[in-house]
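Coordinate analysis (summary)
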Amino acid sequence: MRRYNIFFLTIVSSCICFFLSEVGAQEVLSWQDCVKEAQKNHPDLISAKEVVNQFKADKAIAISTMLPQISTEVSQSASKSHLNNTTKTSAYGITAQQLLFDGLKTPYDIAAAAKNVKSSQYDYNVTSSDIRLRLRTAFAELLKAQELLTITDDILTRRKQNADLVGLLYEGGREHRGSLLTAQANLAQAEFDVTQARRTIDVAQRQLSKELGRAALKPIRVTGNLESINQNHERPHFEALAPDNPSLEVLIARKEAAQFSLKSAKAEFFPQVYANAQAGRTDSNWPPGNDEWLVGVTLTFPLFEGGRRWAAVSKARAALNQAQADERSGRDSVILTLEQAWTAWQNSMDTVAVLKKFLRATEERAKITRAQYSNGLISFDNWTIIEDNLVQAQKAFLDAQAAAVIAEAQWIQTQGGTLDHAE
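Report follows, based on the coordinates. (Residues numbered from 1 in each chain as written. Predicted model: local features only at pLDDT ≥ 70, side-chain atom pairs only at ≥ 80, totals over all residues. Heavy atoms only, no water.)

Some points on the overall build of the chain
Along the chain, the regular secondary structure elements total nine helices and six strands. In terms of C-alpha radius of gyration, the chain reaches 37 Å, well past the compact-globule figure of 22 Å for 423 residues. Buried residues in the chain amount to 35% of all 423 residues. Contacts in the chain between residues far apart in sequence, at least 24 positions, make up 82% of those at least 6 positions apart. For the chain, the computed accessible surface area is about 25,100 Å², with 56% contributed by carbon and sulfur atoms. The averaged location of the 48 negative side-chain charges in the chain is 2 Å from the averaged location of its 47 positive side-chain charges. (Helix = DSSP H or I, 4+ residues; strand = E, 2+ residues; numbered from the N terminus. Rg over C-alpha atoms; globule rule 2.2 N^0.38 Å. Buried < 20%, exposed > 50% of the residue type's maximum accessible area, 1.4 Å probe, protein only. Contact = heavy atoms within 4.5 Å. Areas by Shrake-Rupley, 256 points an atom, 1.4 Å probe, with all protein chains shown as cover. Lys, Arg positive; Asp, Glu negative; His and termini not counted. Charge placed at Lys NZ, Arg CZ, Asp CG, Glu CD.)

Structure representation (structure tokens):
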């Protein structure tokens with residue numbers, strides 16, 4: 001017997017040590033930890049940043065047109081005429097060209113490029129805002145899964161106690177077999193719920209790991225609570241919030257870029273004037289010894305291009321009309337989305353408050369009816385209904401809490417809250 005006890009204690013100690021080591025192996029993250037890591041590693045954010053860099057490069061390319069264009073050339077050639085005379089020519093020199101006037105086409109191109117940079121920066125904010133929503137959702141889902149495991153463990157313990165109580169009453173002849181089988185079925189359901197909760201944690205960890213931008217999955221545990229950060233119930237002015245939404249700011253910047261692109265297309269009808277300068281040496285031998293230089297002004301004006309410039313203006317005007325229509329539509333959509341998100345958030349918070357009262361009432365009823373059933377004052381059917389209601393109330397309250405946190409995240413996202421959002 002003593003050997004058995006020692007063996008049993010050894011097994012229990014080993015299990016406890018293993019459990020503690022597994023818990024200790026989990027990485028514990030707060031919400032702020034998740035935000036910082038996503039800001040650094042999320043591939044969507046990195047991609048959006050590189051798009052901004054590309055548009056900045058486009059702006060630099062547009063600006064370069066206004067700067068002097070300088071090139072150098074070295075050449076050596078030989079030619080032969082019909083008289084079998086061979087002529088050799090060696091030359092080197094430097095050429096410079098400066099744009100003097102092009103109908104303001106280049107300044108308009110630069111202004112359009114600057115608006116495209118701003119548009120890409122707003123797109124970056126949109127991406128950051130979407131990532132924050134997904135990250136907050138993943139964080140809440142993992143937190144919910146962790147809480148659900150705790151709840152299902154408690155339910156399993158309760159169902160086990162209930163099954164033991166019904167078994168004792170059945171053995172004493174005070175309960176029938178149907179009640180015993182129902183209690184055992186409830187116990188089996190509780191065991192399955194625990195297993196399911198553990199699997200849900202695995203999925204939630206995978207989801208959060210993805211939104212953190214991690215390449216490999218590691219066990220994660222998050223800290224915090226399923227409560228809304230802001231409990232403000234004051235109805236905001238949605239029209240005033242709309243201009244700060246990055247999705248609308250993108251459309252406004254695109255419209256402004258289209259305005260400059262149209263002006264640039266119209267400027268194609270003006271002549272282009274360049275100042276040219278060239279200096280070098282040429283000779284039949286190398287190195288060449290004869291100096292050459294050239295200074296002048298060049299004016300170019302295409303006379304006929306098959307209607308290309310007219311078509312370019314027509315295309316730019318259509319793009320501007322499209323951008324203006326997109327802005328109007330986008331503004332209306334943003335205002336509607338703001339009101340929908342705020343309403344959903346308010347409803348979810350009110351739902352949490354109501355279900356919290358139901359949970360308290362159900363817990364109190366379950367406490368009373370358990371004592372009543374133990375004393376034979378109520379039937380098993382009445383008791384098990386209240387026990388089932390308690391289980392459902394606990395899960396419903398947890399679901400409502402998570403839904404409220406996600407609804408709040410959606411409200412923040414519709415306002416344009418990015419990963420830099422303070423909360």
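Let's pick the thread back up.
What about the sheet that holds strand β3 (residues 86-101)?
The strand order β2-β3-β5-β6 describes an open sheet built from four strands, whose pairing is antiparallel. The sheet is open, and its two borders are formed by β2 (69-80) and β6 (290-300), each paired with just one other strand. With strand direction ignored, the average angle separating the axes of adjacent strands in the sheet is 20°. The pairing of β3 with strand β5 (residues 272-283) spans 11 bridges and is antiparallel. From the neighbouring strand, Y92 faces β5, where its bridge partner is R281. (Pairing = 2+ DSSP bridges. Axes fitted to C-alpha atoms, helices over the stretch in contact; angles between N-to-C directions.)

A look at the packing of aromatic side chains
A complete count under the given rule lists 10 aromatic pairs for this structure. Seen in terms of ring centroids, Y373 and W383 are 4.2 Å apart; in terms of plane orientation they differ by 10°. Their pairing is stacked. Residue Y373 is found in helix α8 (residues 308-374), and its partner W383 is found in helix α9 (residues 380-414); the two are separated by 10 residues along the sequence. For the pair formed by Y373 and W383, the shared burial category is buried. Connected via pairs of aromatic rings, a cluster forms that spans F238, W342, W345 and W411. Here R136 stacks its cationic end above the ring of W31, 4.7 Å away from the centre of that ring. The ring of F301 has R309 sitting right over it, with the charged end atom 5.7 Å from the ring centre. (Phe/Tyr/Trp six-rings, centres within 6.5 Å; stacked < 30°, edge-to-face > 60°. Lys NZ or Arg CZ within 6 Å of the ring centre and 35° of its normal.)

Here we look at the pairing of β2
The element β2 is barely covered by neighbouring structure, given that only zero of its 12 residues are classed as buried. Judged from the 12 bridges that link them, β2 and β3 form a sheet pairing that is antiparallel. Bridge assignment links Q69 to a residue of β3, and that residue is Q97.

Examining the nonpolar core
By size, the foremost hydrophobic cluster in this structure holds 34 residues, and its most contacted members are C34, L135 and L208. Those elements that place two or more of their residues in this core are α2 (31-41), α4 (105-171), α5 (177-212), β4 (220-222) and α9. The element best represented in this core is α4, accounting for 12 residues. Residues I335, L338, M349 and W411 belong to the second largest nonpolar core, which totals 12 residues. (Core = buried A, V, L, I, M, F, W, Y, C linked by side-chain atoms within 4.5 Å.)

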